[in-house]
Structures are given as C-alpha cells and as structure tokens.
Amino acid sequence: MVGPEIQHVTQTGKVNKCLSFGPFSRGWCLSTRPLTFLKCRSRVRVFCTHSFSIKTDMELGSIVSAVRSKRVLLGDEVRPAVIVIKDGKIHQILSDSDFSGDVAGEVLDVGDRLVMPGIVDCHVHVNEPGRTSWEGFWTATRAAAAGGVTTIVDMPLNSIPPTTTLGNFHEKLQEATGKCFVDTAFWGGVIPGNQLELRPMIQAGVAGFKCFLIHSGVEEFPHVNDWDLHRTMKQLQGTGSVLLFHAERDVQQTTEENGDPCQYSTFLQSRPDDMEIEAIRTVTELCLQYQVRCHIVHLSSAKPLKLIQEARQAGAPLTVETTHHYLSLCAENIPAGATQFKCCPPIRGSVNQEQLWSALKAGQIDMVVSDHSPCTPDLKKLDNGDFTEAWGGISSLQFGLPLFWSSASKRGFKLSDVVRLLSQKTAQLSSLDNQKGSLAPGYDADLVIWDPEREFEIKEASIYHKNKVLTPYLGVTLQGVVCVTIVRGLLVYREGSFCPEPLGKHLLIPIQPNCGAQ
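Quantities reported herein were computed from a predicted structural model and do not represent experimental measurements. (Residues numbered from 1 in each chain as written. Predicted model: local features only at pLDDT ≥ 70, side-chain atom pairs only at ≥ 80, totals over all residues. Heavy atoms only, no water.)

Peer 1: How would you summarise the sheet that holds strand β12 (residues 183-186) if you had to cite specific residues and measurements?
Peer 2: Strand order in the open sheet made by the 3 strands is β10-β11-β12, with parallel pairing throughout. The strands lining the two open edges of the sheet, one partner per strand, are β10 (119-124) and β12. Neighbouring strand axes in the sheet, compared pairwise and without regard to direction, differ in orientation by 20° on average. Bridge analysis of β10 against strand β11 (residues 149-154) gives 4 bridges, and the strand direction is parallel. Among the inter-strand pairings, Val124 is bridged to a residue of β11, identified as Asp154. (Pairing = 2+ DSSP bridges. Helix = DSSP H or I, 4+ residues; strand = E, 2+ residues; numbered from the N terminus. Axes fitted to C-alpha atoms, helices over the stretch in contact; angles between N-to-C directions.)

Structure representation (structure tokens):
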C-alpha cells in the first residue's frame, strides 16, 4: 500500500513533492537530510531533520507505540524492522512490509539509526544518601540515559548509610524515589557482623551482595575476613543470590614505597597483580566449597584468569567482569599528576590490556561495566597530583557504549557482542534477564538508538554526571553517538534533552522459592 502523499515545505514556504512513508498513523522520522519540515495531505505527520538532530514535536516523556528503523539488531543480524510496544513491553517485532501501522499512539521512525537493547550497567556508585556532593540519583541516571543505559544497579557504598541492613535499604529506596531517569536495581553489602541482615534484604528485593577483601576506602563499609566470608556463604546457600567480590588482598610488598607520589608508576607498584591473584584464589575456593554464585568485579589483571578458568571447569558458579577503563586506558599513557586516572585495582600496562581483550573475545571474561565511582574535586587531589592520596574511582557511566565500541570494533567484535557483554550478561548477573537486556516479545521496551559510525569529542558541556571535570576522558574522541534512549516504551532522552520528570522505576528482585529455608 502506498502511503499518503507528503509535501516538502521549504524555508521559503514553497511546497515540493516528497517521499511517502506508508500508512502509519502518526510518526517522526530521523534522516540525514538538511533540516526540513514535512506535512501530509492526510492525517499522517512526519518530521525529517538533519543528521542526528531530532527536532520533532514528539514530547519527551511520551509513550512510544512503535520504533521503525532500517537497522535493528536482532540476534546476530541487523535488518529493517518495526518494534511494536504495548504497555511498556515489546509486543511484536515485524518486518517493515508486515507493519500495518495499526497502533494507538506515537510511532518513531529513526531512519538508518541502529536500534538495540538498552545497556544494563550493573556496577554504578550513586552515593545517595549521604554523599550527594559526589553524585546522586538525579545526575547519575541522567548521565546513564544520555549514554543509552536503560538500567543501572547501584552499589551499596559509598552512600551513608551503606546498604548493609534492611533499614538502610529502605532508606536508600526512599531517597531514590522520584529521582531516577532510568530503571534502578540495588546491590546490598556484606560487612563484618551483618550476616543476619542478608536474607531479609534478599526478601526485600536486593539483586545480591558485594564485599571487600581489602579496605574499601570508606570507614562505614569495612572489609571482611575469612570467618565473615564463611558465615556469609552459609547464609546465601539455597537463596539463588550472588556475592560480588572486590578482589584484592594485601600481600607482602617486594618493592620500596618511596617513589614520587605524582608519578603513576609509584601508585601502580603499590597495587601489584599478586593482590588480585591472592584474592581470587580465596574466591574460587569459597565458590567451589559452597556452590554459591560468586562474581569478581572490575578485574584489572589478566594473570588470575587461569585460576578463574580452572575453578569454572571444576564446577564453580563463578563470573567475572572488567571495566571500560581497563580496556581503554593503559599505564604507559597516564601523565604525571593526572589523578583522574586513579582507580583500584589500578589501570595496568598495554600488554595486560591486550590480554584482557583476548580473554573477553574467548569468553573468559563475561561482561563489561563502567564501575562509575565519582567523588568531589578536592578528593582527587588535583591541586598536588598525589596519586597515593587521591580518591580511586573513574567517572564514565555516560560513555560506556562508545568507549567499548571505539576499541572493540577495531578488534573484530560485532554489534551482537556489544549486546551480550553490556546488556545480556549484566542483566543475567543481576537476575533481571527475564525482563532486561534483549530485544524479544515480552521484554521491557528498553532501547538505545545510536549511530555506531559517527565520532564525537567528549566536552565538559555535554557531560551529565555531577563533577564533570573528574573524568580521564575529557577531550577524547570516540565512535558511536547515542541519539535516543527509551525506557519501557517511554522517550526519556533525545539528543541532549531529557524528559521533564524522572520516569525510571525501582527494580526489586523476586525471591527464589527456597529463599526462606535456613
């Protein structure tokens, strides 16, 4: 069926004939044409714009009933398709020729922009309540939306109080209410003496728990010892929950710690690979003994990968993540005094980095996350450039997708690998894989619409997390521009603009049937 005739109205008001877009009721089109405005002789309304600028009267916050694109990532294949949305869920995925346009509401036609599942970032430090000068739900989730991240999972620290008791979890939920632009789930925390809080928090909906095997950097979240770990594993047996490990342990230093604190090499030598190896050795032994799901966060060293593989082959339910900064940055290129590059475990050398990429391609590393861990400028010690005193954490929540794609696309990774590593596996870890991370009927209509080919430079004015200058990526040019973010069928972000009110919701994880068993 040929669509209604559409007229091209030039800036002078002259009317020319223009291409028709078929018989859907109301729609908006992104095209690579210079800015034009289109009108129809019927009730169809289509607005075309120049490349990547979406100037339509479709209000942010609107319910999107269908998304049409020449490039939709379905499995391993990119093809034209229409994603029909109903009640916030993907209802159908149709070929363009099979789409009748019979939907109630708004249809978004994005031309040849790529449509794929929204990113699920399961490692984000929001720091609210208590440290909102560092970050907060409002700014963090806006940064997420601008980066095509449709779901975050908030870490139990560095908020005050930390999410280590049922009461503290309820306080965090209250603080987050009405502030989230994307959907948000929550990790609980394990600290000495809180083991009897774990099952109540599971029943209340936390996605799992995180612990430290070394000082966490904040006093209110102390690290655990072996006795705490055994008590914790016994509490988690039979729940289906997961324990996340910051996998570093203190080891006997073999080098003198008297180097220049403004040189990155001094800090790097203070956190050797052995710290990760010894911690991961502990994790693998616990995982095998108790058969409780375990997960290693932010792996920076490639050396423990053999331990991880051996444990998995022996039957350990063990997963591991790395981060965008370990894959994008290397120690040799960090300038003196550039403390915005400091994180723990540390960014290591280029040889190690290539080993991480190889492990990722081989399936030895399961997922990639941001580990967005912001702070205030004074804590980064930018005035004196002292790596040994500066806060360790990197802000990158908004830029995970282009950071990963800029490097991965040059190493033979496919778009389907992006979805697997940044959406599906992260959703699975967080027990959200029945609703997030996939383009399929019945899943939440969480979509990122982006241009994988277009490059852009990261500038302070386009950063949405709170302390904008505290990122090592300022001035870096990346490949992959996020155009639109849709959360459960709601238009939350479009080319630098956000819906007027936060539309994200809390994601509370249903308990397993045997969770209450002691």
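Peer 1: Now, about the packing of helix α10 (residues 400-408) against helix α11 (residues 415-429): what can you tell me, with residues and values included?
Peer 2: Contact geometry for α10 and α11: axes closest at 11 Å, N-to-C directions at 135°. Classified by the angle their axes make, α10 and α11 are oblique. Note on packing geometry: the crossing formed by α10 with α11 is right-handed. Counted together, Gly400, Leu401, Phe404 and Trp405 of α10 and Leu415, Val418, Leu421 and Leu422 of α11 form the full contact between these two elements. Its residues assigned to classes, the contact of α10 with α11 comprises 7 nonpolar, 1 polar and no charged. (Parallel < 35°, antiparallel > 145°, perpendicular 65-115°, else oblique. Left-handed = near helix turned anticlockwise from the far one by under 90°. Contact = heavy atoms within 4.5 Å. Nonpolar A, V, L, I, M, F, W, Y, C, P; charged D, E, K, R; others polar.)

Peer 1: Report on helix α1 (residues 137-146), specifying residues and quantitative values.
Peer 2: The element α1 is extensively covered by neighbouring structure, given that 8 of its 10 residues are classed as buried. Residues of α1 that are buried include every one of Phe137, Thr139, Ala140, Thr141, Ala143, Ala144, Ala145 and Ala146, and no others. Against the buried residues of α1 lie β11, α2 (166-176), β12, β20 (477-487), β21 (490-494) and β22 (497-498). Phi turns positive one or two residues past the end of α1, at Gly148, with a value near 75°. (Buried < 20%, exposed > 50% of the residue type's maximum accessible area, 1.4 Å probe, protein only.)

Peer 1: Lay out the sheet that holds strand β16 (residues 293-296) with the relevant residues and their values.
Peer 2: The strand order across the open sheet formed by 6 strands is β13-β14-β15-β16-β17-β18, and the pairing between neighbours is parallel. On the outer flanks of this sheet lie β13 (188-189) and β18 (367-369), each paired with one strand and no other. Relative to β16, strand β15 (residues 242-246) is paired through 4 bridges, and the arrangement is parallel. Bridging across to β16, Leu244 finds its partner in His295.

Peer 1: Lay out the pairing of β15 in plain terms, naming residues and giving numbers.
Peer 2: Within a regular strand, the side chains alternate between the two sheet faces. Across the 5 residues of β15, 5 count as buried, placing the element largely inside the fold. For strand β14 (residues 209-212) and β15, the ladder comprises 4 bridges, and the chain directions are parallel. Directly across from Phe209, in β15, lies its bridge partner Leu243.

Peer 1: Tell me what's going on with the packing of helix α6 (residues 273-290) against helix α7 (residues 305-313), and back it up with residues and numbers.
Peer 2: Two elements in contact, α6 and α7, have axes separated by 9 Å at closest approach and are oriented at 5°. Comparing the axis directions of α6 and α7 gives the class roughly parallel. Packed against α6, whose contacting residues are Ile277, Ile280, Arg281, Thr284 and Leu288, the element α7 presents Leu307, Ile308 and Ala311 at the interface. Broken down by class, the residue content of the contact of α6 with α7 amounts to 6 nonpolar, 1 polar and 1 charged.

Peer 1: I'd love a proper account of the pattern of salt bridges, names of residues and values included.
Peer 2: Under the criterion given, the structure shown has 22 salt bridges. Two residues, Asp183 and Lys436, come together in a salt bridge whose shortest N-O distance is 2.6 Å. Here the residue Asp183 occupies a position in strand β12, and Lys436 occupies one in the loop between α11 and β19 (447-457), the gap between them amounting to 253 residues. In this pair, the class of Asp183 matches that of Lys436, namely buried. Glu278 is paired through a salt bridge with Arg281; the nearest N and O atoms lie 3.3 Å apart. With a gap of 3 residues between them, Glu278 and Arg281 both fall in helix α6, about one helical turn apart. Of the residues examined, Arg281 reaches a relative accessible area of 33% and is grouped as partly exposed. In this structure, a network of salt bridges that share partners links the residues Lys89, Asp183, Lys436, Asp444, Asp446 and Arg488. (Salt bridge = Lys/Arg side-chain N within 4 Å of Asp/Glu carboxyl O.)

Peer 1: Which residues make up unusual backbone geometry, and what values do they have?
Peer 2: Across the junction of Glu128 and Pro129, the peptide omega takes the value 5°, indicating a cis bond. A positive phi angle, near 55°, is found at Gln291, a position not held by glycine. The residue Gln291 is located in the loop between α6 and β16 in this model. Take Gln291: its relative accessible area is 46%, and that puts it in the partly exposed class. Located in the positive-phi region is Glu495, a residue other than glycine, with phi close to 45°. For Glu495, the location among the structural elements is in the loop between β21 and β22.

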